[in-house]
Amino acid sequence: MPKSIILCVDDEPIVLTSLKEQLKRRFGRQYMYETAQNPVEALQIIEELIEDEIEVSLVIADWLMPDMKGDEFLIQVHEKCPETVTIMLTGQADTDAVERAKLKANLHRCLSKPWTEDELVAVVLSGLE
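What this report covers is the structure whose coordinates are included nearby. (Residues numbered from 1 in each chain as written. Predicted model: local features only at pLDDT ≥ 70, side-chain atom pairs only at ≥ 80, totals over all residues. Heavy atoms only, no water.)

**Quick notes on the pattern of salt bridges**
Once their charged atoms are close, side chains differing in charge can pair, the charge on each being opposite to the other.
Point 1. Under the counting rule described, the total for this entry stands at seven salt bridges.
Point 2. Note that D10 is salt-bridged to K113, the shortest N-O span being 3.0 Å. Taken together, the positions of D10 in the loop between β1 (4-9) and α1 (13-27) and K113 in the loop between β5 (107-112) and α5 (117-128) put the pair 103 residues apart, joining distant regions of the chain.
Point 3. Residue class for D10 comes out buried when judged on its relative accessible area of 0%.
Point 4. A residue is classified by how much of its surface remains accessible, and K113, at 24% relative accessible area, is partly exposed.
Point 5. We note a salt bridge from D62 to K113, for which the minimum N-O separation is 3.4 Å. (Salt bridge = Lys/Arg side-chain N within 4 Å of Asp/Glu carboxyl O. Helix = DSSP H or I, 4+ residues; strand = E, 2+ residues; numbered from the N terminus. Buried < 20%, exposed > 50% of the residue type's maximum accessible area, 1.4 Å probe, protein only.)

Right, here's the structure in full:
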């Protein structure tokens with residue numbers, strides 16, 4: 001069983017379902033997949049994974065979410081797991097948020113909504129290399 005996770009965070013359940021299905025189709029059992037509908041839930045999942053010594057390889061997070069924007073969330077992820085690859089998914093992020101995530105969260109890439117499966121896979125592969 002893989003000891004590595006890809007975590008997807010978005011407040012829209014349909015987006016989470018799409019991400020998980022597309023990732024599973026490409027990467028199969030190579031990774032485990034977790035989803036969270038908000039950053040607070042995602043941070044709890046990350047804490048549990050750290051305690052269980054399971055690597056969080058990659059986090060894909062929406063930018064516009066209630067309670068916490070994606071750039072703020074990814075900064076916290078980077079502080080907890082500096083080796084984790086971060087990708088921001090957005091249709092609305094402002095350039096300041098993207099720059100802040102690049103500087104403080106080591107943002108790998110920003111993926112625009114709507115994305116194609118080929119785009120998603122290419123961004124994830126480049127991040128995991």
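**With respect to the packing of α1 against α5**
Point 1. Between α1 and α5, whose axes approach to 10 Å, the crossing angle comes to 65 degrees. Comparing their axes, α5 and α1 come out roughly perpendicular. Between α1 and α5 the crossing geometry is right-handed. In this structure, α1 contributes L19, Q22, L23, R25, R26 and F27 to the contact, and α5 contributes E117, L120, V121, V124 and L125.
Point 2. In terms of residue class, the contact of α1 with α5 is made up of seven nonpolar, one polar and three charged. (Axes fitted to C-alpha atoms, helices over the stretch in contact; angles between N-to-C directions. Parallel < 35°, antiparallel > 145°, perpendicular 65-115°, else oblique. Left-handed = near helix turned anticlockwise from the far one by under 90°. Contact = heavy atoms within 4.5 Å. Nonpolar A, V, L, I, M, F, W, Y, C, P; charged D, E, K, R; others polar.)

**Regarding the environment of D118**
Point 1. Within the fold, D118 resides in helix α5.
Point 2. A residue is classified by how much of its surface remains accessible, and D118, at 65% relative accessible area, is exposed.
Point 3. Separated by 96 residues in sequence, D118 and Q22 have C-alpha atoms that sit 9.2 Å apart.

**Considerations on the packing of aromatic side chains**
Point 1. This structure, assessed with the given rule, holds one aromatic pair.
Point 2. Their ring planes at 85 degrees and their centres at 5.9 Å tell us that F27 and Y31 sit as a pair that is edge-to-face.
Point 3. Among the residues examined, F27 registers a relative accessible area of 5% and is labelled buried.
Point 4. Just above the ring of W63 sits the side chain of K69; from NZ or CZ to the centre is 5.6 Å. (Phe/Tyr/Trp six-rings, centres within 6.5 Å; stacked < 30°, edge-to-face > 60°. Lys NZ or Arg CZ within 6 Å of the ring centre and 35° of its normal.)

This is a description of form; function is not addressed.
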